[in-house]
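Take a look at the letters that make up each chain.
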Amino acid sequence: MRIDSTHRPWFWATLTALAGLTGSYILYRAMSGGQPNGGSVPGLLYGIAGYALMLYAALLGLRRKVPVWRVGRAQTWMRGHLWLGFLTLPLILFHCGFLWKGPLASLLMILLFATVGSGIFGAALQHFIPALMTRAVPLETIYEEIPHIRRQLCDEADKLAGSIAAMEAEDALQIEMEPDLRSRFIAIYSKSIRPMLAPDKEMKRENKLETLEYVFDSLRKMLPDEVHPMLADLESICEEERQLRVQKRVYLWLHGWLLVHVPLSLALIVLGAVHAVMALRY
Amino acid sequence: MTPTETVSLTIDGQAVTVDRGTTVFDAARMAGIAIPVLCHQQNERPVGVCRVCCVDTGERTLTAACTRPAENGMKVVTDSDRVRSARHTLVELLMADHPSPCARQRQSHDCELEELAEAENIAEIRYPKRKSPRGKDDSSFVIHVDHDACILCDRCVRGCNEIRHNEVLGRMGKGYTAGIAFDLNLPMGNSSCVSCGECMVSCPTGALTNKGIVHTVLPGDAVDTELLLRLPYFQEISGTFLNLNRNAVVVRNFKAGDVICREGEYGSTAFYIMKGKAAVHINTPMAHVSKKGGATGFFSKLTSYLTADSDSAETERESRSIPIDGPTDLPIDKPLAMLETGDLFGEMTCMSLYPRSATIVAAEDSVMIEMLRNVLDIMLRNKTLRSRLDSNYRKRALEDHLRSVPLFSSLSGEFIERLRDHVELLRFSRDEVICRQGEPVDRFYLVRIGFVKITESHPGGDLVLAYLGKGDYFGEIGLLQGGVRTATVTALDHVELVSINADDFDAMLELFPDIRRGLAAVSDSRLRQNRHPRAGAASVPLSDFLDQGLMEANSLLLLDLEKCTRCDACVRACADAHDGVTRLIREGLRYQNYLVPTSCRQCRDPLCMVGCPVGSIRRRETLEVVIEDWCIGCGLCAENCPYGNISMHPFPSLQPDIMEGGSSPKAVVQYKATSCDLCMEHAEPNCVYACPHDAAHRVDPNEFFRLSALR
């Protein structure tokens, strides 16, 4: 989500809440003689509030499963997830008094930091990447369609290259071209252009995300003018293929962080519940 | 009794005695001497305009045999060098302007002028050809007019006026621009021509030719011309003409239960019930628009509760009926009606090639005439049939038609009785102007068949304001507000209108204040809408904006690509809200940093509505375009949408067998058109509501981009 001026109310509300919580914690710490305890009433309240906000933040995932339910606009839920989710960190720190002992508490703190950190990282990605993708990939398509479109582009490029090499594509296009030129074109196509269109697994590292401007420039110099429109088509195919690969890569960044954030969040909530039961019982 | 006075003369040396008053042409014919002629035929008054029948009577000049009365002692020579030379020159001059071979010569090799030219051995024309063509007229369904092939012999004019007494054809223009004209020089299809075919049968060249039947073979028994001529509706037609069209009309016998046509199928014929009855219905047992009320199970009920708001579409729909291509409408709750002897159905399919609007099944053993467009056109121009169909409509369908329009549902039976005799039923051909902007208003129109286009004239060209179909009305703005038409209305296809004159209209408003209020509200709303596109055009003069048709949109879904994380929450929400079928595809053209996805734009100029055979795609009173549940899945709206925003989706359904009283329903897959309905039951569409990133917006593009430009 783009963090823009529309987030201002949330920002100020969170900042105010943070200031209030910090003030209360300073007071509580002073009153407890510098020995705050998670088991004390204020400590428990911090813990409960922090855990409640964790649960609220986790509910966003469920909310998205039922998009048509009229239980608040999704963007309000998302803003709450971002800003209130962020408040869990100070609340839990106030709950434990910035001290955590034992493996479970340590693990929980690691998970909390990792969850909040991955969330901030994800928020940053979602803030910058959409605009970047919009500029870098004008020919963007639906992500799931990318493999299909790439296959089509590949077939289309082979057909065009075959036409240039054989000069049989159009009835009207009977161009005089020396056999040597044709074989040179085939060699360049096979070596420099076709690998660009290969599936990711077969692609060599040096071909990745590379533009072929110089290759097509040299081809234009080498081949007769009549072929240039077909070369332009071929070049635009390569450009589209390049953009689709950029889209795929950027898309993975845009959504890949969730593979870390979501399991961490779930683990945090489960272990948080275990911690609460253990702490209250024992 | 006075004995008939005779005259004696010699023709080519042959003594001939004929009654006084007989023309030289007829005298020669009686003597077995053929004089070539083009402008004259036996059943018409001679006029002597072509002069091809010139003969030498010994006078200073040659004379036209067809008009020159025979005289005692007259010596006529029909084949001298002088006569042959004059005839040769005349034919050569006529051929100089004649597109050889003309349509008739190509079709049947019997163009009289070209035959004559061949007989005169005219191969090379010494005179220059006509440089500016006089044009063709293809507006009639049955007769093609090629003014270039016309030799101005006036045989058609005399056939129309003197033989058939239709008084449609005449002459127009002078000198080189002279030609034949229908009424006051209207296209033939738009004129008062009754398609009797007499002009075409009279024409010696390819100027008036039968269009014939193109690539269509009708099942059933071809009707003999004699039988057709015995039917009251064909009695005023030329037998030759009917003979030429005999393959375009068949008699079909249906047994009770036989399906005559099915909804959604494309066809090109209309049916006239000669004997028997037919049940007409549409198979729309399944609602694909309104979904609520059937939720079962806890989760479904919870979902239903959480997603439910008032469905205002439902209440608006209750008072409507389903318009079909027949003399009656179908009630929404039970879409079934009966057609009887003397009814005509399939008119829109036949005339405008729209899909069939309903399934029609023979309710008892029936005999029907199935006909193609050329024969239907002939029939519809027949005054006897026309008056019978109109009378049927007034008796049986006018009340249903008026009541199907929510605004008029409160009309009393008494007032409808009054209207029954007062309304006028009018027909218009494609592209015919029904009324023009600025004209004084004298009547109110209700669309009975077909579609009309409402345009407003501006210095830069015409602006389309709306398309109206069956059940819609126009003319109220002028009658209520100013006395002049505020827009031009043109027929988009074969259109039939119910016209209510200003006096009856005023009486209606006086008697029914609710209708006055409703019409005033509609009138205000239309005027407001009409002002809107002009404002948009003035404020956003961007070529991309216009190229992408964004100016036409009333409500546009935009995805801000700088905020959108491509999570597809909008698409999923749309699918969840519509039984798993999304009406939104997150792909489309870009405008600035916005994506305009594939989703209905609620166009101001909704081309999709034109042609819907059952009127299921319509504009609500709040101006949103919706597809109603009775969509028959013909796909015409999807084809018409210029932005590809309407999709056809298969839906499983159980179809009751109407003929068996709805028992033993069959499981079928039925296609229906789907497009964004703006989730009208909610304040905000689901796609926008479900977007977690504030990227999806439903906006008025003119307003939105004007504001964003100001920012």
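For the structure itself, consult the block above.
Let us look at the structure shown here. Predicted, not measured: the structure shown is a model, and the values here were computed from it.

Quick look at the overall build of chain B now. Across its full length, chain B holds 22 helices and 37 strands. Look at the contacts in chain B between residues 6 or more apart in sequence, and 71% of them connect residues 24 or more apart. Counting every atom, chain B has about 30,500 Å² of accessible surface; 52% of that belongs to carbon and sulfur.

On to the interface of chain B and chain A, then. Contacts between the two partners involve 32 residues from chain B, matched on the other side by 33 residues from chain A. Each partner contributes to the roughly 2,900 Å² buried at the junction of chain B and chain A, and carbon and sulfur atoms together form 52% of this total. Sorting the residues of chain B by area buried against chain A places Glu562, Arg566 and Tyr689 of chain B first, and these three jointly supply 24% of that buried surface. Counting across the chain B and chain A interface gives 5 salt bridges. A salt bridge links arginine 590 of chain B to glutamate 140 of chain A; the shortest N-O distance between them is 2.9 Å. Along the contact surface separating chain B from chain A lie 18 residue pairs in polar contact (both at pLDDT 80 or more). For the side of chain B that touches chain A, the secondary-structure elements that each account for two or more residues are helix H9 (298-307), helix H19 (569-577), strand E31 (585-591) and helix H21 (686-689) of chain B. Residues that form the side of chain B that touches chain A fall into these classes: 15 nonpolar, 6 polar and 11 charged.

So, about the side chain of aspartate 343 of chain B. All names here are of chain B. Looking at where aspartate 343 falls in the secondary structure, it is placed in the loop between strand E18 (336-339) and strand E19 (344-345). Aspartate 343 sits in the buried class, given a relative accessible area of 2%. Separated by 2.9 Å, the side chain of aspartate 343 and the backbone nitrogen of glutamate 340 make a polar contact.

This part takes up the sheet that holds strand E5 (residues 75-76) of chain B. Residue and element names in this part refer to chain B. Pairing in this open sheet of 3 strands is mixed, and the strands run E2-E1-E5 from one edge to the other. Each end of this open sheet is capped by a strand with a single partner; those strands are strand E2 (14-19) and E5. For strand E1 (residues 6-11) and E5, the ladder comprises 2 bridges, and the chain directions are parallel. The residue of E5 that forms the bridge with threonine 10 is lysine 75.

On to the environment of serine 457 of chain B, then. Residue and element names in this part refer to chain B. Residue placement: serine 457 occurs in strand E25 (residues 452-458). A relative accessible area of 38% places serine 457 in the partly exposed class. Apart from residues lying up to four places away in sequence, serine 457 is in contact with Gln437 and Asp462.

Before going further, it helps to examine a nonpolar patch on the surface. Residue and element names in this part refer to chain A. Residues Val270, Val274, Met278 and Tyr282 make up a contiguous nonpolar surface patch of about 420 Å² in total accessible area. Mapped onto the fold, methionine 278 is located in helix H9 (residues 258-281). Methionine 278 sits in the partly exposed class, given a relative accessible area of 42%.

Residues and elements named next belong to chain B. As paired elements, strand E14 (residues 270-275) and strand E21 (residues 366-371) share 5 bridges and run antiparallel to each other. Paired with alanine 270 across the two strands is methionine 371, which belongs to E21. Pairing geometry for E14 and E19, over 2 bridges, is antiparallel. Directly across from tyrosine 272, in E19, lies its bridge partner leucine 344.

To continue, consider the nonpolar core. Counting 83 residues, the largest nonpolar core has Leu208, Phe234 and Met371 of chain B as its most contacted members. Looking at this core, the element that brings in the most residues is helix H12 (residues 373-380) of chain B, giving 5 residues.

Here we take up the packing of helix H5 (residues 146-166) of chain A against helix H8 (residues 228-256) of chain A. Residues and elements named next belong to chain A. Remark: H5 packs on H8, axes separated minimally by 10 Å, with the N-to-C direction vectors making an angle of 160 degrees. Judged by the angle between their axes, H5 and H8 are roughly antiparallel. Between H5 and H8 lies a crossing whose hand is left-handed. The residues of H8 that touch H5, namely those facing Ile146, Ile149, Arg150, Leu153, Glu156, Ala157, Leu160, Ser163 and Ile164, are Met230, Leu231, Asp233, Leu234, Ile237, Glu240, Glu241, Leu244, Arg245, Gln247 and Lys248. A per-class count over the contact of H5 with H8 returns 11 nonpolar, 2 polar and 7 charged.

Residue and element names in this part refer to chain B. In terms of residue burial, helix H5 (residues 155-163) counts as a mostly covered element, since 7 of its 9 residues are buried. Of the positions making up H5, those classed as buried are Arg155, Cys156, Val157, Arg158, Gly159, Cys160 and Asn161. Those residues of H5 that are buried lie in contact with helix H4 (112-119), strand E8 (169-172), strand E9 (179-182), helix H6 (198-202) and strand E10 (208-210). Two residues or fewer after H5 comes histidine 165, characterised by a positive phi angle close to 55 degrees.

Moving on to the packing of aromatic side chains. Within a pair of aromatic rings, the relevant descriptors are the distance that separates the centres and the angle that separates the planes. The tally for this structure, following the rule as stated, stands at 18 aromatic pairs over all chains. Centre to centre, the rings of phenylalanine 185 of chain A and tyrosine 189 of chain A are 6.2 Å apart; their planes meet at 25 degrees, and the pair counts as stacked. One end of the pair is phenylalanine 185 of chain A and the other is tyrosine 189 of chain A, both in helix H6 (residues 179-193) and 4 residues apart, which spans about a single turn. Of the two residues, phenylalanine 185 of chain A and tyrosine 189 of chain A, both sit in the buried class. In this arrangement the basic side chain of arginine 70 of chain A is found over the ring face of tyrosine 689 of chain B, its NZ or CZ atom lying 4.0 Å from the centre. Over the aromatic face of tyrosine 176 of chain B sits the side chain of arginine 130 of chain B, whose NZ or CZ is 4.4 Å from the ring centroid.

What follows concerns the pairing of E8 of chain B. As paired strands, E8 of chain B and E9 of chain B are joined by 4 bridges and run antiparallel to one another. Bridge pairing links arginine 171 of chain B to isoleucine 180 of chain B in E9 of chain B.

Right, let's get into the pattern of salt bridges. Using the criterion set out here, one finds 36 salt bridges over all chains in the structure. Linking arginine 427 of chain B and glutamate 496 of chain B is a salt bridge whose minimum nitrogen-to-oxygen distance equals 3.8 Å. Note that arginine 427 of chain B is positioned in strand E22 (residues 424-428) and glutamate 496 of chain B in strand E29 (residues 495-501), a separation of 69 residues in sequence. The class for glutamate 496 of chain B is buried, based on a relative accessible area of 1%. A single salt-bridge network, built from bridges that share partners, covers Asp4 and Arg79 of chain A together with Lys563 and Asp694 of chain B.

Time to look at unusual backbone geometry. All names here are of chain B. Following serine 100, the chain continues into proline 101 via a peptide bond in cis, with omega recorded as -5 degrees. Counting through the fold element by element, proline 101 comes out in the loop between helix H2 (81-96) and helix H3 (103-108). Of note, the phi angle at arginine 51 is positive, near 65 degrees, even though the residue is not glycine. Here arginine 51 is to be found in the loop between helix H1 (24-30) and strand E3 (54-55). Non-glycine residue aspartate 579 carries a positive phi angle of around 55 degrees. Relative to the elements of secondary structure, aspartate 579 occurs in the loop between H19 and E31. Under the relative-accessibility criterion, aspartate 579 is labelled partly exposed at 49%.

Quick notes on the rules
Residues numbered from 1 in each chain as written. Chains lettered and ligands numbered in written order. Predicted model: local features only at pLDDT ≥ 70, side-chain atom pairs only at ≥ 80, totals over all residues. Heavy atoms only, no water. Helix = DSSP H or I, 4+ residues; strand = E, 2+ residues; numbered from the N terminus. Contact = heavy atoms within 4.5 Å. Areas by Shrake-Rupley, 256 points an atom, 1.4 Å probe, with all protein chains shown as cover. Buried area = accessible area lost by both parts, 1.4 Å probe. Salt bridge = Lys/Arg side-chain N within 4 Å of Asp/Glu carboxyl O. Polar contact = N/O pair within 3.5 Å; in protein donor to acceptor, adjacent residues only side chain to side chain. Nonpolar A, V, L, I, M, F, W, Y, C, P; charged D, E, K, R; others polar. Buried < 20%, exposed > 50% of the residue type's maximum accessible area, 1.4 Å probe, protein only. Pairing = 2+ DSSP bridges. Patch = residues over 30% accessible without salt bridge, like charges linked within 9 Å, V, L, I, M, F, W, Y side chains within 5 Å. Core = buried A, V, L, I, M, F, W, Y, C linked by side-chain atoms within 4.5 Å. Axes fitted to C-alpha atoms, helices over the stretch in contact; angles between N-to-C directions. Parallel < 35°, antiparallel > 145°, perpendicular 65-115°, else oblique. Left-handed = near helix turned anticlockwise from the far one by under 90°. Phe/Tyr/Trp six-rings, centres within 6.5 Å; stacked < 30°, edge-to-face > 60°. Lys NZ or Arg CZ within 6 Å of the ring centre and 35° of its normal.

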